[in-house]
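Read off the chains here:
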Amino acid sequence: MSAPERYAQLLASARIRERPLLALPRNFSELELQARWFGGDFGRTFTSPAGAAIELIQFGTWNRAAGPDFSDAAIRIDNGEVVRGSVEFDLVDQSWEAHGHATNPAFDDTVLHVFVEKGPRDFFSRTS
């Protein structure tokens, strides 16, 4: 009997059960997701809602003050030239407008708007 088979047998007959470390589903805060982003938990390659391939070259510097969440980041879109600027992280795509980023000059150099959930309608992250 292999080790995985033996483990399954023991687990099935045990009086003590394993349980997940975190209860799922779990609602993460924006701060926790930023930390996981900065730690590289989500990888370095993404696809934009329009289908563009996005490669994260440099995560940037985590900004804990007002302004974009990460500064001095570097990305590449569809294998093009490296683009440098800020990254803003939101739970929902439309938070860009709700938080006033569209009219705040501090967000004008944002090169990537990362969000977890896409809202019910198409959205464009504009700057001033």
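The rules behind the values
- Residues numbered from 1 in each chain as written.
- Predicted model: local features only at pLDDT ≥ 70, side-chain atom pairs only at ≥ 80, totals over all residues.
- Heavy atoms only, no water.
- 1 Å grid on protein atoms, 1.4 Å probe; cavity = no way out; pocket = protein on both sides within 12 Å on 5 of 7 lines; lining within 4 Å.
- Points joined across faces, edges and corners; volume = space filled by probe spheres on them.
- Helix = DSSP H or I, 4+ residues; strand = E, 2+ residues; numbered from the N terminus.
- Salt bridge = Lys/Arg side-chain N within 4 Å of Asp/Glu carboxyl O.
- Buried < 20%, exposed > 50% of the residue type's maximum accessible area, 1.4 Å probe, protein only.
- Contact = heavy atoms within 4.5 Å.
- Lys, Arg positive; Asp, Glu negative; His and termini not counted.
- Polar contact = N/O pair within 3.5 Å; in protein donor to acceptor, adjacent residues only side chain to side chain.
- Core = buried A, V, L, I, M, F, W, Y, C linked by side-chain atoms within 4.5 Å.
- Patch = residues over 30% accessible without salt bridge, like charges linked within 9 Å, V, L, I, M, F, W, Y side chains within 5 Å.
- Areas by Shrake-Rupley, 256 points an atom, 1.4 Å probe, with all protein chains shown as cover.

Caption draft 1: The arrangement of the layout of surface pockets in detail. Reported here for the largest pocket is a volume of approximately 740 Å³. Along the wall of the largest pocket there are 25 residues; nearest its centre are Ser48, Pro49, Leu112, His113 and Phe115. Of all the secondary structure elements, the ones that give two or more residues to the lining of the largest pocket are strand E1 (45–47), strand E4 (70–77) and strand E6 (110–117). With seven residues, the single largest contributor to the lining of the largest pocket is E6.

Caption draft 2: Expanded view of the pattern of salt bridges. A full pass over the atoms with the stated rule returns three salt bridges. Residue glutamate 55 pairs with arginine 76 through a salt bridge whose shortest N-O separation is 3.9 Å. Of the two residues, glutamate 55 sits in strand E2 (residues 53–58) while arginine 76 sits in strand E4, which places them 21 residues apart along the sequence. By relative accessible area, which is 25% here, arginine 76 ends up partly exposed.

Caption draft 3: Here's a closer look at the environment of alanine 53. With respect to the helices and strands, alanine 53 occurs in strand E2. We classify alanine 53 as partly exposed; its relative accessible area is 42%. Sequence separation of alanine 53 and asparagine 79 is 26 residues, and the distance between their C-alpha atoms is 7.6 Å. Look past the residues within four positions of alanine 53 in its chain and what remains in contact with it is Phe46, Arg76, Ile77 and Asp78.

Caption draft 4: Region of interest: the side chain of aspartate 93. Mapped onto the fold, aspartate 93 is located in the loop between strand E5 (82–92) and helix H3 (95–98). Lysine 118 provides the closest opposite charge to the buried, unpaired aspartate 93, separated from it by 4.7 Å. Polar contacts involving the side chain of aspartate 93 include one to the main-chain amide nitrogen of glycine 119, which spans 3.0 Å. Setting aside residues up to four positions removed in sequence, aspartate 93 forms contacts with His113, Phe115, Glu117, Lys118, Gly119, Arg121 and Phe123.

Caption draft 5: Expanded view of the nonpolar core. Of all hydrophobic cores here, the largest spans 12 residues; its members are Leu33, Trp37, Ile54, Leu56, Phe59, Phe70, Ala73, Ile75, Val87, Phe89, Leu112 and Val114. Elements represented by at least two residues in this core include exactly helix H2 (30–38), E2, E4, E5 and E6. Sort the elements by how many residues they give to this core and E4 lands first, with three residues. Those residues within four positions of isoleucine 75 in sequence are excluded, and the remaining contacts are Glu55, Leu56, Ile57, Glu81, Val82, Val83, Val111 and Leu112.

Caption draft 6: Representation of a nonpolar patch on the surface within the structure. A contiguous nonpolar surface patch, about 200 Å² in accessible area, is contributed by Leu91, Val92 and Val116. In this structure, valine 116 sits in strand E6. Note on valine 116: relative accessible area 48%, which makes it partly exposed.

Caption draft 7: Here's a closer look at unusual backbone geometry. Positive phi is not limited to glycine here, since aspartate 72 has a value of about 60°. Looking at where aspartate 72 falls in the secondary structure, it is placed in strand E4. Positioned with a positive phi, aspartate 78 is a non-glycine residue whose angle comes to about 50°. Following the sequence through the fold, aspartate 78 ends up in the loop between E4 and E5.

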